[in-house]
Amino acid sequence: MQLLRIKLLIGICFAATALVYAQDDIKNTFSPINTAVPSLSIAPDARGGGMGDNGVATLPDIASQFWNPSKYAFMESKAGVGLSYTPWMSKIVSDVNLLYLSGYYKLGVYDRQALGFSLRYFSLGEVPLTDYHGDIYHNLNPYEMSVDMSYSIKLTENTSLSAAMRYIRSDMGAGIDDDLRPGNSVAADLSGYGEKFLSLGNSECLWSGGFNISNMGNKVSYDGGATNQFLPTNLRLGTGLLMPLDEYNQLGIYFDLNKYLVPTKPVRFENESDENFEKRKDTYENMPFVKGMFRSFSDAPGGLNEELKEINFSLAAEYNYNSQFFLRGGYFYEDRMKGNRQYFTVGAGFRMNVFRLDAAYLISTVPSNPLDQTLRFTLSFDMDGLKDLFK
């Protein structure tokens, strides 16, 4: 009974990752992708969060470890570190939040290589356990976390590649129930980035493009291996164009496509025999994650039409004045059949020689969205700027 209650409470907390507020006319076809450790998909920083969860091809910044670690090879400063904070689902609960620490360090004489790192901690707050009389006898503090490191290198003056390794742990309250144990996994990312100046009219614009395949790793189990769930393996593609408006003003336009590389969990067809359904379910349960990545492009029950609905997109704009003041906006769209996350975002930033402060705000365009009015904050430091202060 307590295990069921724990799973129910945790499920409510994570509903925002794939919104289950389906309308009556689609409730029979609502089919979001199911994964373990869904918090890995939450955009952690205020810059990307203020641009409609967009970031694979934006200009390099401190939080590139999440969006595209290849961008670190193009950072101008020698090193930097940043801390982001997001109070998650604040309209419903007050103690669920995401903390994200990230940074990088440039290597070598020519600064063509970089090491990046991040630490992510997602707290689900306090979950009280009660007995049959309604008295609280224990409080759980479930959480999900990951720590990772990346290596990026410039292949040419205009392109770079990166690989990252990540340790993942998800503890939903182990120790209270013998059937519930922490889930652990190791995953890898592979990403690339490129940028090039183009002459458009009388202006010299900066084109950028990138990709990131993240969270490629073994499945996670919360019951000692009896059942296994796929990690949120994800493919993100993006492009952008930074245009000078005059000597001090610039405008960037960016577009991202995003798809989970996770197979669809089997659902029972009408009039399907128990034997055939169990066979399909066993195939899904025992499928290696690599095979699942390829199957994700062709296994949707609705065929090609449903596969296309699994692709999310975000469109973003960023204005900056003298690379010191920033205004941002974006829109994120996910098909209502696959989660129904649809929202606008706005953001702003201020940069000095030593630090940069960014904030973002989410405005939902669908009803009953627990993410509505979500705030994000990021404070980052330029180590070259700090060094110059003490000269």
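Residues numbered from 1 in each chain as written. Predicted model: local features only at pLDDT ≥ 70, side-chain atom pairs only at ≥ 80, totals over all residues. Heavy atoms only, no water.

What to know about the overall build of the protein chain
Scanning the protein chain for helices and strands turns up seven helices and 16 strands. Split into buried and exposed, the 391 residues of the protein chain put 50% on the buried side. Counted over contacts in the protein chain with a minimum sequence separation of 6, partners at least 24 positions apart contribute 60%. About 18,800 Å² of surface is accessible on the protein chain, with carbon and sulfur atoms providing 59% of the total. (Helix = DSSP H or I, 4+ residues; strand = E, 2+ residues; numbered from the N terminus. Buried < 20%, exposed > 50% of the residue type's maximum accessible area, 1.4 Å probe, protein only. Contact = heavy atoms within 4.5 Å. Areas by Shrake-Rupley, 256 points an atom, 1.4 Å probe, with all protein chains shown as cover.)

Observations regarding the side chain of Thr 86
With respect to the helices and strands, Thr 86 occurs in strand E1 (residues 79–87). Among the residues examined, Thr 86 registers a relative accessible area of 0% and is labelled buried. The contacts of Thr 86, once residues within four sequence positions are left out, are Pro 44, Val 96, Asn 97, Leu 98, Thr 374, Leu 375 and Arg 376.

Structural notes on the pairing of strand E6 (residues 143–154)
Two faces belong to every sheet, and in a regular strand the side chains alternate between them. Sheet topology note: the strand E3 (residues 113–123)/E6 ladder contains 11 bridges and is antiparallel. For Ala 114, the partnering residue across the bridge sits in E6 and is Ser 152. When E6 meets strand E7 (residues 159–171), the two strands line up antiparallel, connected through 12 bridges. By the bridge assignment, Ser 150 is partnered in E7 with Ala 164. (Pairing = 2+ DSSP bridges.)

Quick word on unusual backbone geometry
Of note, Val 37 is a non-glycine position whose phi angle comes to about 45 degrees, a positive value. Positionally, Val 37 belongs in the loop between helix H1 (2–13) and helix H2 (46–49). Not every positive phi belongs to a glycine, and Ser 323 is a case in point at roughly 55 degrees. Residue position: Ser 323 is located in the loop between strand E12 (311–321) and strand E13 (325–333). With relative accessibility at 34%, the residue Ser 323 sits in the partly exposed group.

Quick word on the packing of aromatic side chains
Within this structure, the stated rule accounts for 14 aromatic pairs. Linked through ring pairs, Tyr 248, Tyr 321, Phe 325, Phe 350 and Phe 355 together constitute an aromatic cluster. The positively charged end of Arg 356 is found above the aromatic ring belonging to Phe 326, 4.6 Å away from the centroid. (Phe/Tyr/Trp six-rings, centres within 6.5 Å; stacked < 30°, edge-to-face > 60°. Lys NZ or Arg CZ within 6 Å of the ring centre and 35° of its normal.)

Thoughts on the confidence of the model for the protein chain
When pLDDT is averaged across the protein chain, the result is 86; 87% of the residues are at 70 or more. For residues 1–9, every residue scores under 50 in pLDDT, and the model assigns this stretch 16 contacts once sequence neighbours within four places are set aside. Taken as a whole, residues 20–27 scores under 50 in pLDDT and shows 11 contacts with residues more than four places along the chain or in a different chain. (pLDDT = per-residue confidence, 0-100.)

Regarding the pattern of salt bridges
If you walk through the whole model with that rule in mind, you get 15 salt bridges. Via salt bridges that share partners, Arg 47, Asp 61, Glu 318, Arg 328, Arg 356 and Asp 358 belong to a single interconnected network. (Salt bridge = Lys/Arg side-chain N within 4 Å of Asp/Glu carboxyl O.)

Here's the deal with the nonpolar core
By size, the foremost hydrophobic cluster in this structure holds 21 residues, and its most contacted members are Val 37, Trp 88, Phe 122, Ile 168, Val 220, Tyr 222 and Leu 231. If sequence neighbours within four positions are ignored, Val 37 has contacts with Glu 144, Ile 168, Ser 170, Val 220, Tyr 222, Leu 231 and Pro 232. Of all hydrophobic cores here, the second largest spans six residues; its members include Ile 33, Phe 230, Tyr 260 and Val 262. (Core = buried A, V, L, I, M, F, W, Y, C linked by side-chain atoms within 4.5 Å.)

Notes on the pairing of strand E16 (residues 375–382)
As paired strands, E1 and E16 are joined by six bridges and run antiparallel to one another. Among the inter-strand pairings, Leu 83 is bridged to a residue of E16, identified as Leu 379. When strand E15 (residues 355–364) meets E16, the two strands line up antiparallel, connected through seven bridges. Considered in E16, the bridge of Asp 358 is made with Thr 378.

Side note on the side chain of Glu 144
Relative to the helices and strands, Glu 144 is located in strand E6. In this structure Glu 144 is buried but unpaired, with Arg 120 as the nearest side chain of opposite charge at 7.8 Å. A polar side-chain atom of Glu 144 sits 2.6 Å from a polar atom in the side chain of Ser 39. (Lys, Arg positive; Asp, Glu negative; His and termini not counted. Polar contact = N/O pair within 3.5 Å; in protein donor to acceptor, adjacent residues only side chain to side chain.)

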